[in-house]
Amino acid sequence: MAEQKQQIEEFVPKEYSAGFITDIEADSLPAGLSEDIVRQISQIKGEPEFLLEWRLQAYRHWLTMATPEWAHVHYPEINYQDISYYSAPKKKTDGPKSLDEVDPELLRTYEKLGVPLDERARLAGVAVDAVFDSVSVANTFQDKLAEQGILFMPFSKAVHEHPELIKQYLGSVVPYKDNYYAALNSAVFSDGSFVYIPKGVRCPMELSTYFRINAANTGQFERTLIIADDDSYVSYLEGCTAPMRDENQLHAAVVELVAMDRAQIKYSTVQNWYPGDENGKGGIYNFVTKRAACRGESSKVSWTQVETGSAITWKYPSVVLQGDNSVGEFYSVAVTNNMQQADTGTKMIHLGKNTSSTVISKGISAGRSQNAYRGLVRVGPNADNARNYTECDSLLMGDKSAAHTFPYIEVKNPTAKVEHEASTSKISEDQLFYCKQRGLDLEDAVSMIVNGFCKQVIRELPMEFAVEAQNLLGLSLEGSVG
Amino acid sequence: MLEIKNLHASVDGKEILRGINLTVNAGEVHAIMGPNGAGKSTLSNVLAGRDGYEITQGEVIYKGENLLDFEPEERAQRGVFLAFQYPVEIPGVSNIYLLKAALNAVRKYQGLDELDAIDFLTLVRSKMELVKMDEQFLHRSVNEGFSGGEKKRNEILQMALLEPSLAILDETDSGLDIDALKIVSEGVNALRSQERSIIMITHYQRLLDYIVPDFVHVLSKGQIVKSGDKELAKELEKTGYSWVDEQPEGVSA
């Protein structure tokens, strides 16, 4: 037992395979944040007046706010004047029209990350938008999607081509006043993805955005807006990586989803930002606001996330169930190892009648990490017959990691049914020995047990992503068992 | 096949095995009996390589190699199989997944290709008949919600699939009703062969009515104090273990 325990406690630095730096010329704004910087970002992007005004309002509001401190995470104060708020690979004007115009160095970067942007390549069936630092560098399959009226494009392009949609929906789910990081994002966001699915259209392929932070001392503030009109369906995937750098980098994104009558949005994330080294040096601060509005009746939004990266994760993908009979789902695996900290969960806000929500959260803590689930289930006074089922399970590896659960339940309607189940277990030496006695080595045994623990969540992911997620789980915990 | 020489092992500084000597040839079935606390489970755990046991003296030669040099998974890949007294539950991992991973780990060591899904399913179905298991067991989580009998049958299924050279059955009869005991015993008997050695660890003589051993050894206070054939087990059944504990230390028959 003593030897096994030692194996579990031993830390071998794990390989972060996405940790390389792309040597590319970049246009960056100097570090620092001011009204002037906000104006410059807007100017670089040639934005319409309404957007600049909105940014400035957000910025002025942000100045009045204080850093939130309620999360179960600890880090030195961020100096927002040390960060550069805009970095873009040097390029010809206006962004690439086709892949031929994309810098080959960038294409190689995504190739290395396993995201080939070549439309003829094997990724048939997944349309990709690639965001490198602050801008979108490649966007595939646009023409094919356009045939069905589907809009899938960089956010900055949508601002020009569909300003009326941006004006109508931007900030309608996450107002700039929502929280500290949402306000910051609203002031300085640079790019992201925009999706609009017209009435009655079922998007024929997975839409995917791949986020990559490359430049040093740069924040990434992307904004994603997805609108699914009546009777439409879309499945959207999001992946993220960053180089290994000694400094912490800030990532403060905002994602807004709007589902109209009977529309369905499935949003999947595999988050693998650089987590820092085994002593907690470097890594991404991932402070993200993600929220969906089930505006229409019988609409449905599912969030599925596999979170293995980032030094600190602070993220609560939520669903506001406004439409009657609407459905919200949240499936999450959060893995923390070494010195990582995660405070993640969801909010399910029941407003419409007969609304239902499901929350399945799996937290895995290894090393000296801290892993917290924080979830809110709120049932409003008019939400007759609301139902919620929440299950959060924690798996501990070694004896220096910690798992926390903070459930908040607020029910203002007597017809509501709210269930909450929670469990905490340790990966047991008996399980490991059993697997080893059947011929499996330690890493395979751990990977198998962990994947079994996460099965309810993994099976919600689209097939291509599920395989990636399973590999990532194994990789993230590599070294945590000797 | 297996030669245990003067094996001493301790747990937390307390000596549990105090000089075990045992030779098991290919094709033989040995029963090791003894009262609670005699060191029966320690012996099986030490042979399988479980952590937490300190080997203070002696050696174990298996197929000409020092077994104690190997990690548990290396022993398994070399054909040492332990049927657990308390098989572990692994939630979310389907039985078929574990069976396939285990078989392929052993095949990889043997230099064989991994079996594809169809060949594997054909093979596992044929083995399941042996222990009268329903196919639905393949898709349930490993041992989760299994009855005591189902767990033990699952162990024998794994043994049938992995075809070990040396199988150690640790209290395989415990917790079984008579019907389950029959099924498990028939499974084990079908797996007896000239190439395979079996060590059965049990507290009760009952199991030996169904799986008739070639040799019976009595373990007491960490030593084998008496060895004989199947008649020895019957004698024990009549007299109980009390006489064993009265034997002076260090005596072996």
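The structure presented is a predicted model; accordingly, all values stated were derived computationally and were not measured.

**Structural notes on the pattern of salt bridges**
Pairing of side chains with opposite charge becomes possible as their charged atoms draw close.
Thinking step 1. For the coordinates displayed, the defined rule picks out 25 salt bridges over all chains.
Thinking step 2. A salt bridge links aspartate 191 of chain A to lysine 45 of chain A, with the shortest nitrogen-to-oxygen separation between them at 3.9 Å. In this pair, aspartate 191 of chain A is assigned in the loop between α8 (180-188) and β6 (193-197) and lysine 45 of chain A in the loop between α2 (35-44) and α3 (49-63), connecting sequence segments 146 residues apart.
Thinking step 3. Under the relative-accessibility criterion, aspartate 191 of chain A is labelled buried at 2%.
Thinking step 4. The salt bridge involving arginine 125 of chain B is made with glutamate 135 of chain B; its shortest N-O contact spans 2.9 Å. Of this pair, arginine 125 of chain B sits in helix α4 (residues 117-130) while glutamate 135 of chain B sits in the loop between α4 and α5 (136-139), placing them 10 residues apart in sequence.
Thinking step 5. Judged by relative accessible area, arginine 125 of chain B falls into the partly exposed class, the value being 38%.
Thinking step 6. What you see here is one network of salt bridges that share partners, running through Glu35, Arg39 and Arg60 of chain A.

**Concerning the sheet that holds strand β4 (residues 54-62) of chain B**
Note: strands within a sheet are paired through backbone hydrogen bonds, in either parallel or antiparallel orientation.
Residues and elements named next belong to chain B.
Thinking step 1. Here 4 strands make up an open sheet; going across it, the order is β2-β1-β4-β5 and the pairing antiparallel. Unpaired on one side and paired on the other, β2 (14-24) and β5 (65-66) mark the two borders of the sheet.
Thinking step 2. Running at roughly 110 degrees to strand β1 (residues 2-11), helix α1 (residues 40-48) makes contact with β1, β2 and β4 of the sheet.

**Some thoughts on unusual backbone geometry**
Thinking step 1. The residue serine 298 of chain A is not glycine, and still its phi comes out positive at about 55 degrees.
Thinking step 2. The topology assignment puts serine 298 of chain A in the loop between β13 (283-294) and β14 (300-307).

**Remarks on the nonpolar core**
Thinking step 1. Of all hydrophobic cores here, the largest spans 110 residues; its most connected members are Ile364 and Val450 of chain A together with Ile4, Leu169 and Met200 of chain B.
Thinking step 2. Element by element, the count of residues in this core is highest for helix α10 (residues 442-453) of chain A, at 7 residues.
Thinking step 3. Setting aside residues no more than four positions away along its own chain, isoleucine 364 of chain A makes contact with Val333, Ala334, Val335, Thr336, Asn371, Leu395, Met397, Val450, Phe453, Cys454 and Leu477 of chain A.
Thinking step 4. Within the second largest apolar cluster, 53 residues are counted, among which are Ala58, Met153, Ala158 and Leu225 of chain A.

**Considerations on the side chain of threonine 390 of chain A**
Residue and element names in this part refer to chain A.
Thinking step 1. Note on placement: threonine 390 falls in strand β21 (residues 387-396).
Thinking step 2. Separated by 2.8 Å, the side chains of threonine 390 and asparagine 388 make a polar contact.
Thinking step 3. Ignoring any residue separated from it by four or fewer positions in sequence, one finds threonine 390 in contact with Val359, Tyr373, Val377, Glu419, His420 and Glu421.

**Overview of α3 of chain A**
Residue and element names in this part refer to chain A.
Thinking step 1. The first and last C-alpha atoms of α3 sit 21 Å apart over 15 residues, in line with the 21 Å expected at 1.5 Å per residue.
Thinking step 2. Among the residues of α3, those classed as buried are Leu51, Leu52, Trp54, Arg55, Leu56, Ala58, Tyr59 and Trp62.
Thinking step 3. Close packing links the buried residues of α3 with α2, α6 (155-161), α8 and β8 (223-228).

**Quick notes on the sheet that holds strand β9 (residues 166-170) of chain B**
Residue and element names in this part refer to chain B.
Thinking step 1. Read across the sheet, 6 strands follow the order β6-β9-β10-β3-β11-β12 without closing on themselves; strand pairing throughout is mixed. Looking at the sheet topology across the chains shown, the edges are occupied by β6 (80-83) and β12 (223-228). Between one strand and the next, the sheet's axes are offset by a mean angle of 20 degrees, whatever the strand orientation.
Thinking step 2. In terms of strand pairing, β9 meets strand β10 (residues 197-202) through 5 bridges, oriented parallel. Paired with aspartate 170 across the two strands is isoleucine 201, which belongs to β10.

**Some thoughts on the environment of valine 333 of chain A**
All names here are of chain A.
Thinking step 1. Mapping valine 333 onto the fold places it in strand β17 (residues 327-336).
Thinking step 2. Placed 63 residues apart in sequence, valine 333 and valine 270 show a C-alpha to C-alpha distance of 9.6 Å.
Thinking step 3. Not counting residues up to four positions away in its chain, the partners in contact with valine 333 are Gln305, Val306, Glu307, Lys362, Ile364, Cys454, Val457 and Leu473.

**Focus on the interface of chain A and chain B**
Thinking step 1. At the junction of the two partners, chain A supplies 21 residues and chain B supplies 33 residues.
Thinking step 2. Roughly 2,200 Å² is buried in total at the junction of chain A and chain B, and carbon and sulfur atoms are behind 61% of that figure.
Thinking step 3. In terms of surface lost to chain B, no three residues of chain A exceed Phe433, Tyr434 and Arg438 of chain A, which account for 35% of the buried area on that side.
Thinking step 4. Summed over the shared surface of chain A and chain B, the result is 2 salt bridges.
Thinking step 5. Residues glutamate 155 of chain B and arginine 438 of chain A are paired through a salt bridge, measuring 2.6 Å at the closest nitrogen-oxygen approach.

The rules behind these values
- Residues numbered from 1 in each chain as written.
- Chains lettered and ligands numbered in written order.
- Predicted model: local features only at pLDDT ≥ 70, side-chain atom pairs only at ≥ 80, totals over all residues.
- Heavy atoms only, no water.
- Salt bridge = Lys/Arg side-chain N within 4 Å of Asp/Glu carboxyl O.
- Helix = DSSP H or I, 4+ residues; strand = E, 2+ residues; numbered from the N terminus.
- Buried < 20%, exposed > 50% of the residue type's maximum accessible area, 1.4 Å probe, protein only.
- Pairing = 2+ DSSP bridges.
- Contact = heavy atoms within 4.5 Å.
- Axes fitted to C-alpha atoms, helices over the stretch in contact; angles between N-to-C directions.
- Core = buried A, V, L, I, M, F, W, Y, C linked by side-chain atoms within 4.5 Å.
- Polar contact = N/O pair within 3.5 Å; in protein donor to acceptor, adjacent residues only side chain to side chain.
- Expected span 1.5 Å × (residues − 1).
- Buried area = accessible area lost by both parts, 1.4 Å probe.

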